[in-house]
Amino acid sequence: MRSDEADLDLLKAAASEAGALAMTFFRKQPAAWAKAGGSPVTEADLAVDTFLRDRLLAERPGYGWLSEETADDPARLGRAATFVVDPIDGTRGFIEGDERWSVSLAVVRGARPVVAALAVPARGELYAATLGGGARLGETPLSVSDRATIAGARLAGPRGWLKTATIQGLGAELEPHIPSLAYRLALVAAGRIDAAFASPRANDWDLAASDLLVHEAGGRLTGLDGAALRYNQEIPRHGVLAASNNQLHPAILATVARAGQEIAQRRG
């Protein structure tokens with residue numbers, strides 16, 4: 001079995017190289033179109049996906065592959081290790097010229113991420129973690145914040161949810177919308193925001209790398225039931241979830257649940 005440290009070296013190098021490739025398209029009006037379901041994709045997403053698939057599977061041909069931009073192959077379910085990849089997370093922001101997009105890479109074993117690398121190329125940032133080995137931004141160890149109350153907390157989430165009366169009434173400092181969910185969660189790991197949450201239907205590739213970053217920085221990323229997320233399942237999709245430090249987490253989950261009820265009532 002490959003060591004996590006060897007996989008970490010591979011993911012960090014691949015994320016950096018993929019980020020450099022993505023930057024050759026950034027703010028240069030790449031061709032873009034809507035996928036089935038309406039989400040955008042660009043020629044940059046596909047170029048980076050192809051690069052990463054070739055680069056990573058050449059080094060680890062026995063690993064499974066799960067990527068936003070590759071047709072799903074159920075063979076991944078039988079592999080001991082699987083790459084979980086989002087070549088460009090935050091494509092809408094990428095198209096708009098926003099710097100807050102990322103290249104998200106993880107290795108999943110036993111339904112949990114064990115190695116992660118997250119590049120934010122337009123900001124020159126590279127986050128990385130191994131299970132039990134801590135999380136880092138470059139060479140700097142990461143730690144979640146120690147805030148224990150929501151009032152005054154720095155909070156990030158989906159645009160519509162941030163506008164709910166539930167969230168608006170918290171007395172929290174609401175972060176401007178961050179296009180990349182993976183980056184939003186990584187900022188919790190870095191202690192730069194106190195909590196972040198996501199609406200339903202986030203996928204494995206949005207979450208796996210940052211899940212490990214948050215965990216190794218001393219925080220929690222869970223669904224509303226408080227349970228850790230499971231990856232590389234038949235349907236790689238998740239419900240409402242939130243990330244924060246341990247002290248803040250119960251209150252954040254309760255708040256996000258109320259906001260979700262408010263959203264549902266609006267739509268109902």
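Data block above holds the structure.
Counting starts from 1 at the beginning of each chain's written sequence and moves along it residue by residue. The predicted nature of this model means local features are confined to residues of pLDDT at least 70 and side-chain atom pairs, given and counted, to a pLDDT of 80 or more, with totals for whole chains, interfaces and linings taken over all residues. Processing note: side-chain calculations cover all non-hydrogen atoms of the structure and skip hydrogens and water entirely.

Q: I'm lost on helix H6 (residues 181-189) in this one. Help?
A: Each α-helix turn comprises 3.6 residues. Residues three or four places apart therefore point the same way. When a residue's accessible area, from a 1.4 Å probe over protein chains only, is under 20% of the maximum for its type it is buried; when over 50% it is exposed; and in between it is partly exposed. Helical segments are the DSSP runs of H or I of at least four residues, strand segments are the runs of E of at least two, and each set is numbered from the N terminus. Within H6, 9 of the 9 residues are buried, which leaves the element mostly enclosed by the surrounding structure. Along H6, the residues that are buried comprise Leu181, Ala182, Tyr183, Arg184, Leu185, Ala186, Leu187, Val188 and Ala189. Looking one or two residues past H6, Gly191 carries a phi angle of roughly 75°, positive in sign.

Q: Which parts of the structure should I look at to understand the sheet that holds strand E11 (residues 173-174)?
A: Strand pairing in a sheet relies on backbone hydrogen bonds. The paired strands run either parallel or antiparallel. As summarised here, the arrangement of the 5 strands in space is E11-E10-E12-E16-E14, forming an open sheet in which the pairing is mixed. Edge positions in the sheet fall to E11 and strand E14 (219-223), since each of these pairs with one other strand and no more. In this sheet, strand E16 (residues 241-245) lies alongside E14 in antiparallel orientation, the contact comprising 5 bridges. Residue pairing in the sheet places Gly223 in a bridge with Leu241 of E16. Packing against the sheet, H6 makes contact with strand E10 (154-156), strand E12 (195-198), E14 and E16, and its axis sits at approximately 155° to E12. Here a strand pair is declared whenever DSSP counts at least two bridges between the two strands. Only heavy atoms matter for contacts: two residues are in contact if any of them lie within 4.5 Å across the pair. A fitted line through C-alpha atoms serves as each axis, taken over the contacting stretch for helices, and the angle formed by two N-to-C directions is quoted from 0 to 180°.

Q: Looking at this structure, how should I read the nonpolar core?
A: Take the buried residues of types Ala, Val, Leu, Ile, Met, Phe, Trp, Tyr and Cys, join any two whose side-chain atoms come within 4.5 Å, and each joined set is a nonpolar core. By size, the foremost hydrophobic cluster in this structure holds 40 residues, and its most contacted members are Tyr127, Leu207, Leu213 and Leu221. Elements with a minimum of two residues in this core: strand E5 (102-109), strand E6 (112-120), strand E7 (125-130), H6, E12, helix H7 (204-216) and E16. The biggest single contributor to this core is H6, with 8 residues. Core analysis: the second largest hydrophobic core is formed by 31 residues, Ala14, Phe25, Ala81 and Leu105 among them.

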